[in-house]
Amino acid sequence: MNFPHPLMAPVVALALQAGEAILPFWRAGVEVTAKSDDSPVTAADLAAHHLIVAGLTALDSSIPVLSEEDADIPQSVRAGWQRWWLVDPLDGTKEFISGSEEFTVNIALIENGRVVFGVVTMPTNGRFYVGGAGLGTWRGDKGATPIAIQVRDVPAPGEAFTVVASRRHSSPEQERLLAGLSASLGELQLANIGSSLKFCLLAEGAADCYPRLAPTSQWDTAAAQGVLEGAGGEVLDLNGEAFSYPPRESLLNEFFLALPAKAAWRGRLLELARG
């Protein structure tokens with residue numbers, strides 16, 4: 001398929017290759033070590049990291065790479081970047097370690113702090129999502145032609161308002177927001193899923209909202225934000241501004257809300273999120 005951006009197809013292929021490099025570790029079980037922030041890292045993370053960095057460099061050596069597994073690049077260096085790759089070689093490491101299939105490979109192209117497009121792949125089944133604002137979004141499955149996907153502005157008749165939540169991460173603020181949404185919109189259905197797949201559920205119209213009032217890092221969200229934006233969604237900070245990725249000192253994200261861009265309940269969600 002001819003995607004609208006010339007780098008989309010080769011990056012999808014690269015992310016799928018990284019997934020193939022990860023799978024043998026997942027099947028065999030892995031030895032886990034801890035990074036300086038006590039988050040887990042495995043041999044699979046590093047294998048995917050090295051493959052992706054080599055592949056992106058081969059595509060265009062002028063575009064620098066910021067990966068979770070090589071993030072100690074001084075802000076003084078990153079401040080000069082106009083265009084760069086933001087990579088999570090294995091998102092959902094805890095899911096991976098537990099034996100769950102809910103882990104992904106994430107690659108995003110960033111330009112002037114905004115996501116141009118993102119690619120999210122599922123190594124266990126070969127599914128991929130690729131999209132970006134103004135470009136569209138597609139889901140691809142092994143042996144099938146990729147299909148265009150889009151968010152739903154309202155749940156289908158008879159379906160409940162579905163909020164995506166993390167299996168592992170919540171906060172008192174998030175629990176209060178969910179209670180407020182339920183009071184405003186009726187009983188909620190919660191869809192619990194790991195990694196960046198939370199955004200992808202929204203992008204393909206299988207859920208309505210993903211509030212994250214708990215910590216994340218830039219590489220956790222950028223690729224899937226591209227997927228969601230191309231499908232007619234948006235990711236906002238709690239001031240209602242579009243989520244961006246400036247080369248700031250901290251690589252931690254602010255809290256955010258992911259939702260359909262035309263959602264009638266957008267204002268109410270922002271009110272609840274602000275407390």
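About the criteria used
- Residues numbered from 1 in each chain as written.
- Predicted model: local features only at pLDDT ≥ 70, side-chain atom pairs only at ≥ 80, totals over all residues.
- Heavy atoms only, no water.
- UniProt positions renumbered as here; feature names shortened; annotations may be inferred.
- Salt bridge = Lys/Arg side-chain N within 4 Å of Asp/Glu carboxyl O.
- Helix = DSSP H or I, 4+ residues; strand = E, 2+ residues; numbered from the N terminus.
- Buried < 20%, exposed > 50% of the residue type's maximum accessible area, 1.4 Å probe, protein only.
- Pairing = 2+ DSSP bridges.
- Phe/Tyr/Trp six-rings, centres within 6.5 Å; stacked < 30°, edge-to-face > 60°.

- Named according to an unreviewed UniProt entry, the protein chain is 3'(2'),5'-bisphosphate nucleotidase CysQ originating from Pseudomonas triticicola.
- Checking UniProt for the protein chain, the heading Function (unreviewed entry) contains the comment "Converts adenosine-3',5'-bisphosphate (PAP) to AMP."

### Overview of the pattern of salt bridges
- The full count for this structure, using the stated rule, is eight salt bridges.
- The closest approach of N and O atoms between Arg 127 and Asp 141, which form a salt bridge, is 2.7 Å. One end of the pair, Arg 127, is in strand E7 (residues 127-132); the other, Asp 141, is in the loop between strand E8 (136-140) and strand E9 (147-148), with 14 residues separating them in the sequence.
- In this structure Arg 127 comes out as partly exposed when scored by relative accessible area, which is 22%.
- The exposure class assigned to Asp 141 is partly exposed, which follows from its relative accessible area of 25%.
- Here Glu 271 and Arg 268 are joined by a salt bridge, their closest N and O atoms 3.2 Å apart. Here Arg 268 and Glu 271 lie together in helix H8 (residues 266-274), a separation of three residues that amounts to about one turn.
- According to the relative accessible area criterion, Glu 271 is partly exposed, its value standing at 46%.
- Residues participating in the shared-partner salt-bridge network are Arg 127, Arg 139, Asp 141 and Glu 204.

### A short note on the pairing of strand E13 (residues 233-236)
- Burial of the side chains of E13 extends over both faces: Gly 233 and Val 235 are buried on one face and Glu 234 and Leu 236 on the other.
- For E13 and strand E14 (residues 256-260), the ladder comprises four bridges, and the chain directions are antiparallel. Paired with Val 235 across the strands is Ala 258, a residue of E14.

### Quick word on unusual backbone geometry
- In this structure, Asn 112 takes a positive phi of about 50° despite not being glycine.
- One can find Asn 112 in the loop between strand E5 (104-111) and strand E6 (114-122).
- You can call Asn 112 exposed: its relative accessible area is 51%.
- Phi is positive for Ser 195, close to 60°, though the residue is something other than glycine.
- With respect to the helices and strands, the residue Ser 195 is situated in the loop between strand E11 (188-192) and helix H6 (197-203).
- Accessibility expressed as a relative area gives 8% for Ser 195, which makes it buried.

### Some details on the packing of aromatic side chains
- For the coordinates displayed, the defined rule picks out 11 aromatic pairs.
- With a centroid separation of 5.1 Å and an interplanar angle of 85°, the aromatic rings of Phe 199 and Tyr 210 are classed as edge-to-face. With Phe 199 in helix H6 and Tyr 210 in strand E12 (residues 210-212), this pair connects stretches of sequence that are 11 residues apart. An identical accessibility class is assigned to Phe 199 and Tyr 210; each is buried.
- Here the aromatic cluster, defined as three or more aromatic residues joined through ring pairs, consists of Phe 199, Tyr 210, Phe 243, Tyr 245 and Phe 256.

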